[in-house]
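# Observations on the three-dimensional arrangement
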Amino acid sequence: MNYSVRKFDAVIVGAGGAGLRAAIQLSEAGMKTAVLTKVFPTRSHTVAAQGGVAASLGNSEEDHWHWHMYDTVKGSDWLGDQDAIEFMCRKANEVVVELEHYGMPFDRTDSGKIYQRPFGGHMSNFGEKPVRRSCAAADRTGHAMLHAMYQRNVKANTQFFVEWQALDLVRDADGEVLGVTAMDMETGEIVVFHAKATIFATGGAGRIYYSSTNAFINTGDGVGMAARAGIPLEDMEFWQFHPTGVAGAGVLITEGVRGEGGILRNAQGERFMERYAPNAKDLASRDVVSRAMVTEINEGRGCGPNKDFVLLDITHLPPETIMKRLPGIHEIAVQFAGVDALKEPIPVVPTCHYQMGGIPTNYNGQVVVPGKRTQSEIVPGFYAAGECACASVHGANRLGTNSLLDLLVFGKSAGESAVAELRAGNRTHKPLPQECIDQTLARVNRLNTQKGGANVHETRLDMQRAMQKHAGVFRFKDMLAEGVEKILGIAEQVGQTEIADKSMVFNTARIEALELDNLIEVAKATIVSANARTESRGAHVRDDAPDTPANPNGRDDANWLKHSLWYREGNRLDYKSVKLTPLSVDSIELKTRAY
Amino acid sequence: MEEERRARINRLKWHCRRALLELDLVFQRFWAREEDGLDVQAEATLARLLELEDHDLWALVSGREDTDDPQLKGMIERLRAV
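First, a word on what this report is: a plain description of the structure on this page. (Residues numbered from 1 in each chain as written. Chains lettered and ligands numbered in written order. Predicted model: local features only at pLDDT ≥ 70, side-chain atom pairs only at ≥ 80, totals over all residues. Heavy atoms only, no water.)

## With respect to the overall build of chain A
Along its length, chain A carries 16 helices and 22 strands. Rg of the C-alpha trace for chain A: 23 Å, near the compact-globule value of 25 Å for 595 residues, within the 12% margin. Here the C-alpha coordinates of chain A stretch approximately 65 × 60 × 50 Å along the principal axes. Residues counted as buried form 63% of the 595 residues belonging to chain A. Residue pairs at least 24 apart in sequence account for 74% of intrachain contacts in chain A once pairs closer than 6 positions are excluded. Of the roughly 21400 Å² of accessible surface on chain A, a fraction of 48% belongs to carbon and sulfur atoms. (Helix = DSSP H or I, 4+ residues; strand = E, 2+ residues; numbered from the N terminus. Rg over C-alpha atoms; globule rule 2.2 N^0.38 Å. Buried < 20%, exposed > 50% of the residue type's maximum accessible area, 1.4 Å probe, protein only. Contact = heavy atoms within 4.5 Å. Areas by Shrake-Rupley, 256 points an atom, 1.4 Å probe, with all protein chains shown as cover.)

Written out as structure tokens, the structure is:
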């Protein structure tokens, strides 16, 4: 199998928010920068982000980065690294104002400042009362952000390789990263992008679950590539679930529906949230509502022939309220649930939404792995940012509007770190390791020639169903253990997938098979890490880790205040400590997470 | 000839990979139902529609907005029907 080599100072994989932000930094510094992307940049999943970006600008009321930091540490259930969280919260104003200068059309106050609105979990004065911290551009924040940054990149001469599928990281025997192999979808041609700096910004892998709010492109390509290259994956057991995804489709029904009076009901028509959260009821926090829904389903009170969903009822609301205050909900219900929400309730299930774990990095966006001397040694030439990376600022649970902030701050810092290394002359185009490239070619060749193998679509469905059942929103000891065996079995199948279409031009079957190679690594990392962590923390909740005075909410700091690291080789786990010391302020001390 | 069509269809299918799950799901159903009946004219219309931004495309497909373009209108109706 043939391939060619192209040389760049830097190659970035992924053109969502993090990739575009990193590219600006490199291209404007005069570095020859390639950005590889599966889809046109402004069709990256960042488009779906509506809520806004958090920054303590204080435009509407008093605010401070230290309060934002406190909220983020608390939200993370103390698993977030406090140095990275301080770094992110302190940088927030700078990256938001930069974005404004790039032409981002933020909503404005009457006096022309960036308008800010409140968002769940963001408080003033160390958790006292809600604060207006989210900066948005109507309900198209992510979309507007991508446009502003794409235009800036075009001006800075970033070279985009659109509709290219990255295949593998190129890492030599010294552990240095020298670029990435990729396939041009248009021709099937394979190219090694030989680079002094390689930045992964490939987004999350929400498609490992059967029910996911993520678009089909979110297949964890960077995470899978990193795992195959021997990089451990950090905290992969932590996935945020949104309570109300349309059953069977995953499309997100905004929290605003319950805010306007929508009620969750079980098969008996009971408003079951009254039993789980007598005060907040249907407006309790995401994790509480999700777990209540799963308990109802598990105890046989789910709806439908398989009793596998509950109902979101808005039929008691005036139709004009629904059409005016909840635009789009009626259409979503008709299109994806086949119901007229004005007359019938909508079937919903808790749905995978966001990946908190990922490729381990420090707050400079440099990928770090345990080494001979320390727990976090830099992998030369390798950087990661955004949802594919774990800095770790979200820890066990992410706050809304911190995801867009994460990709801006760490996209920028990954770019800055790469520029500094390149300017210092620390990086050269080291000779490419042939063995590494051959492994990738062999993987593609295996797929092209496999006979009598597994069907890609069915194997992916098996994986998604197993993940949903065994490592969903509420986790059970025996189910997790069974799930590990099941996923490892499915992984064997993934190694033998077969595609009927062997054509070269835009062979989507081949792309989907290659994506599945990445998804399965994420699934393995998730279920193995979840099975091992015998506490409940943030989004990881187990039935055998109950709420006791010694371990409130099931959190076991004595044994589990540590990051998981999953290695593909040997399917083994290691752990590293959480950084409890911030950069300049006192540590935010451990306490029970309660709102 | 058949190979050329397959390449064109595959390219269109990839361009149906969007940023929003809503659109991914609609296009998934569309291809399962309409692939065999898609003529060259319809292919061209679909390609034109796929140039739109995701939020604008979803506004049309979900029925929140409409277009006066008769060709696009026809394709949007087919998408709504799936």
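## Here's the deal with the overall build of chain B
A count of helices and strands for chain B gives 5 helices and 0 strands. The secondary structure elements of chain B, listed N-terminal to C-terminal, are α-α-α-α-α. Against the globule reference of 12 Å for 82 residues, chain B gives a C-alpha radius of gyration of 12 Å, in line with a compact fold. Each of the three principal axes of chain B carries a C-alpha extent, and together these read 40 × 25 × 20 Å. Put simply, of all contacts in chain B between residues at least 6 apart along the chain, 60% involve residues at least 24 apart. Put simply, chain B shows about 4100 Å² of open surface, and 47% of that area lies on carbon and sulfur atoms. The averaged location of the 19 negative side-chain charges in chain B is 3 Å from the averaged location of its 14 positive side-chain charges. (Lys, Arg positive; Asp, Glu negative; His and termini not counted. Charge placed at Lys NZ, Arg CZ, Asp CG, Glu CD.)

## Things to note about unusual backbone geometry
With the exception of glycine, the majority of residues adopt a negative phi angle, and the majority of peptide bonds are in the trans configuration. Residues and elements named next belong to chain A. For the bond from Ala391 to Ser392, the omega torsion is -5°, close enough to zero to count as cis. Along the chain, the position of Ser392 falls in the loop between β18 (389-390) and α11 (402-423). One non-glycine residue with positive phi stands out, namely Asp77, at about 55°. Relative to the helices and strands, Asp77 is located in the loop between α2 (65-75) and α3 (82-101).

## Looking at the layout of surface pockets
In this approach, a probe sized like a water molecule rolls over the atoms, and the result shows the empty space that is left. Taken as a whole, the second largest pocket encloses approximately 1100 Å³ of empty space. If you trace the second largest pocket, you find 36 residues lining it, with Phe216, His457, Arg460 and Glu512 of chain A together with Gln28 of chain B closest to the centre. Among the secondary structure elements, those contributing two or more residues to the lining of the second largest pocket are α13 (456-470) and α15 (508-532) of chain A together with α1 (2-15) and α2 (21-34) of chain B. Of all the elements, α2 of chain B adds the most residues to the lining of the second largest pocket, at 7 residues. Of the residues contributing to the lining of the second largest pocket, the split by class is 15 nonpolar, 9 polar and 12 charged. (1 Å grid on protein atoms, 1.4 Å probe; cavity = no way out; pocket = protein on both sides within 12 Å on 5 of 7 lines; lining within 4 Å. Points joined across faces, edges and corners; volume = space filled by probe spheres on them. Nonpolar A, V, L, I, M, F, W, Y, C, P; charged D, E, K, R; others polar.)

## A look at the pairing of strand β17 (residues 377-384) of chain A
It is a general feature of regular strands that their side chains alternate between the two faces of the sheet. Residue and element names in this part refer to chain A. Burial runs high along β17: 6 of the 8 residues are buried. Pairing between strand β9 (residues 190-200) and β17: 3 bridges, direction parallel. Across the sheet, residue Thr198 finds its bridge partner in β17, namely Phe382. The pairing of strand β16 (residues 366-369) with β17 spans 3 bridges and is classified as antiparallel. Across the sheet, Val368 pairs through a bridge with Ile378, a residue of β17. (Pairing = 2+ DSSP bridges.)

## Quick word on the interface of chain B and chain A
Taken together, the 29 residues of chain B in the interface contact 39 residues of chain A. Of the roughly 3000 Å² buried at the junction of chain B and chain A (both faces included), carbon and sulfur atoms supply 55%. Inspection of the region where chain B meets chain A yields 4 salt bridges. A salt bridge links Glu515 of chain A to Arg17 of chain B; its shortest N-O distance comes to 2.6 Å. Counting every contact that joins chain B to chain A gives 15 residue pairs in polar contact (both at pLDDT 80 or more). Elements represented by at least two residues in the side of chain B that touches chain A include exactly α1, α2 and α4 (54-61) of chain B. For the side of chain B that touches chain A, the class distribution of residues is 11 nonpolar, 5 polar and 13 charged. (Buried area = accessible area lost by both parts, 1.4 Å probe. Salt bridge = Lys/Arg side-chain N within 4 Å of Asp/Glu carboxyl O. Polar contact = N/O pair within 3.5 Å; in protein donor to acceptor, adjacent residues only side chain to side chain.)

## Focus: α2 of chain B
The periodicity of an α-helix, 3.6 residues per turn, causes residues three or four places apart in sequence to face the same way. In a regular helix each residue adds 1.5 Å, so 14 residues correspond to 20 Å; α2 of chain B covers 20 Å between its end C-alpha atoms and thus fits that length. Among the residues of α2 of chain B, those classed as buried are Leu21, Glu22, Leu23, Asp24, Leu25, Val26, Phe27, Phe30, Trp31 and Glu34 of chain B. Here the buried face of α2 of chain B lies against α10 (329-337) of chain A together with α1, α3 (40-49), α4 and α5 (70-81) of chain B. (Expected span 1.5 Å × (residues − 1).)

## Describing the sheet that holds strand β21 (residues 562-567) of chain A
Residue and element names in this part refer to chain A. As summarised here, the arrangement of the 3 strands in space is β10-β21-β22, forming an open sheet in which the pairing is antiparallel. The strands lining the two open edges of the sheet, one partner per strand, are β10 (233-234) and β22 (572-577). For β10 and β21, the ladder comprises 2 bridges, and the chain directions are antiparallel. Looking at the pairing, Glu234 lines up with Leu565 of β21. Here α15 sits on the sheet and contacts β10, β21 and β22; the angle it forms with β21, its principal contact strand, is near 135°. (Axes fitted to C-alpha atoms, helices over the stretch in contact; angles between N-to-C directions.)

So, to be careful, I would describe these as geometric facts and stop short of saying anything about function.
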